[in-house]
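Architecture and fold: a report
Here is how the chains run, residue by residue.
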Amino acid sequence: MKNKNCFEVRVLTLFPDMFPGILEHSLAGRALNKNIWNIETVNVRDYTNDKYGRVDDEPYGGGPGMIMRADVLSRAYDENKPEKNWSKIILTPRGKPLTQKIVKTISKKPGIILVCGRYEGVDERFIESRSLEEISVGDYILSGGEPAAFIILDSVIRLLSGTTGSKESLIEESFENNLLEYPQYTRPYDWEGINPPKVLLSGNHQEIKKWRDEKAFKDTKKR
């Protein structure tokens, strides 16, 4: 039985078999089995009018590589339109950098549609006409939008209600207060002659919190 609060994911891609991929494992995988989220893939190549299934062409103005066609992408998108209030995202190197704030915003929506580009890029007319938000997961080049889609989905799914067991762990994570998380330690006490800070074994929760806050601030400033 489908969860009425299930977070819906729809991915437009040339490689639908890549999904859910790594998202079938760990926290995301358990959440998928519990119907906390659901995924549907759309093969963009199914929407070509070309007997060879071509989805790209040479760029106007010349240049290296091929560009994904607006007509093919728009057919795939329009026949699989996102529901009202879904996030509508295309993964591009020049997009807005992904942040925890953006992830939180996405997680509060009922669903997301992700368009995964390939080759040298996507015809700008498709992006603008469908009002897609361009998101980048970093200043580096990937082979396509699919690896970036995994990053976005993993970061969003873990924030969905029921995915993680502890709300406190989410609150204290890196970037939650614009700070990196403080260093963590566990057993054994003596490892290669290195011991954890004594304050963490003091039992003084006020001093422990003070130490963690100071370390988080210093590490954020340093890094």
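Shown above is the structure to which this text applies.
The present account deals with the structure reproduced in this document. Quick caveat, the model's predicted, so the values are computed rather than measured. (Residues numbered from 1 in each chain as written. Predicted model: local features only at pLDDT ≥ 70, side-chain atom pairs only at ≥ 80, totals over all residues. Heavy atoms only, no water.)

**What about the nonpolar core?**
Cut-off, in case you're wondering: Nonpolar cores were defined as sets of buried Ala, Val, Leu, Ile, Met, Phe, Trp, Tyr and Cys residues, with membership established by side-chain atoms within 4.5 Å. Classification of residues uses two cut-offs on accessible area relative to the type maximum, computed with a 1.4 Å probe and protein chains only: under 20% is buried, over 50% is exposed, and between them is partly exposed. Working definition: helices are DSSP H or I runs of at least four residues, strands are E runs of at least two. Numbering for both runs from the N terminus. Only heavy atoms enter the contact rule, under which two residues are in contact if any of them lie within 4.5 Å.
By size, the foremost hydrophobic cluster in this structure holds 28 residues, and its most contacted members are W37, L91, I112 and I152. Elements with a minimum of two residues in this core: β1 (7-13), α1 (26-33), β2 (37-43), β5 (87-97), α3 (100-107), β6 (111-116) and α5 (145-157). Every residue in contact with W37, bar those within four places of it in the chain, is listed here: C6, F7, V9, P20, L23, A28, A31, L32, I157 and L160.

**Remarks on a nonpolar patch on the surface**
How we decide: A patch consists of residues exposed above 30% relative accessible area that lack any salt bridge, with like charges linked at up to 9 Å and nonpolar side chains (Val, Leu, Ile, Met, Phe, Trp, Tyr) linked at up to 5 Å. Under the convention used here, a 1.4 Å probe and the Shrake-Rupley method define accessible areas, while residue burial counts only the protein chains that appear. Salt bridges are identified by distance alone: a Lys or Arg side-chain nitrogen within 4 Å of an Asp or Glu carboxyl oxygen.
Together, Y140, L142 and I151 make up an exposed nonpolar region whose accessible area comes to about 260 Å². The class of Y140 is partly exposed, set by a relative accessible area of 43%.

**Focus: the sheet that holds strand β4 (residues 67-68)**
To be explicit about the condition: Strand pairing is assigned whenever DSSP detects at least two bridges linking the two strands.
Spatially, the three strands line up as an open sheet ordered β3-β4-β7, and their pairing is mixed. The two strands at the open ends of the sheet, each matched to only one other strand, are β3 (56-57) and β7 (121-122). As paired strands, β3 and β4 are joined by two bridges and run antiparallel to one another. Opposite D56, over in β4, you have M68 as the bridge partner.

**With respect to the environment of P197**
If you trace the backbone, P197 turns up in the loop between α6 (167-171) and α7 (205-222). For the pair formed by P197 and I135, sequence separation is 62 residues and the distance between their alpha carbons is 40 Å. Those residues within four positions of P197 in sequence are excluded, and the remaining contacts are Y185 and W211.

**Looking at α1**
Each α-helix turn comprises 3.6 residues. Residues three or four places apart therefore point the same way. Applicable threshold: The directions from the helix axis to the C-beta atoms form the arc being described.
Within α1, burial applies to A28, G29, A31 and L32. In a view along the axis of α1, the buried residues occupy a sector of 160°, so they form one face of it. Among the exposed residues of α1, those oriented more than 90 degrees off its buried face are S26 and N33. Where α1 is buried, its residues meet β2 and α5. With its phi angle positive at about 60°, N35 sits one or two positions after the end of α1.

**Brief notes about the pairing of β1**
How we decide: With the strands pointing away from the viewer, any crossover whose connection runs clockwise from the first strand over the helix to the second is right-handed.
Most of β1 is tucked away, with seven of its seven residues classed as buried. Pairing geometry for β1 and β2, over seven bridges, is parallel. The residue bridging V11 from the neighbouring strand is T41, located in β2. With α1 bridging β1 and its parallel neighbour β2, the resulting β-α-β unit is right-handed.

**Focus on the sheet that holds β2**
Quick reminder of the rule: Axis definition: a line fitted to C-alpha atoms, over the contacting stretch in the case of helices. Angles run 0 to 180 degrees between N-to-C directions.
Taking strand neighbours across the sheet as the criterion, the five strands line up as β2-β1-β6-β5-β8 in an open arrangement whose pairing is parallel. For this open sheet the edge positions go to β2 and β8 (133-136), each flanked by a neighbour on one side alone. The mean angle between the axes of side-by-side strands here comes to 30°, regardless of whether they run parallel or antiparallel. Bridge analysis of β5 against β8 gives five bridges, and the strand direction is parallel. Within β8, the position partnered with I89 by the bridge is E133.

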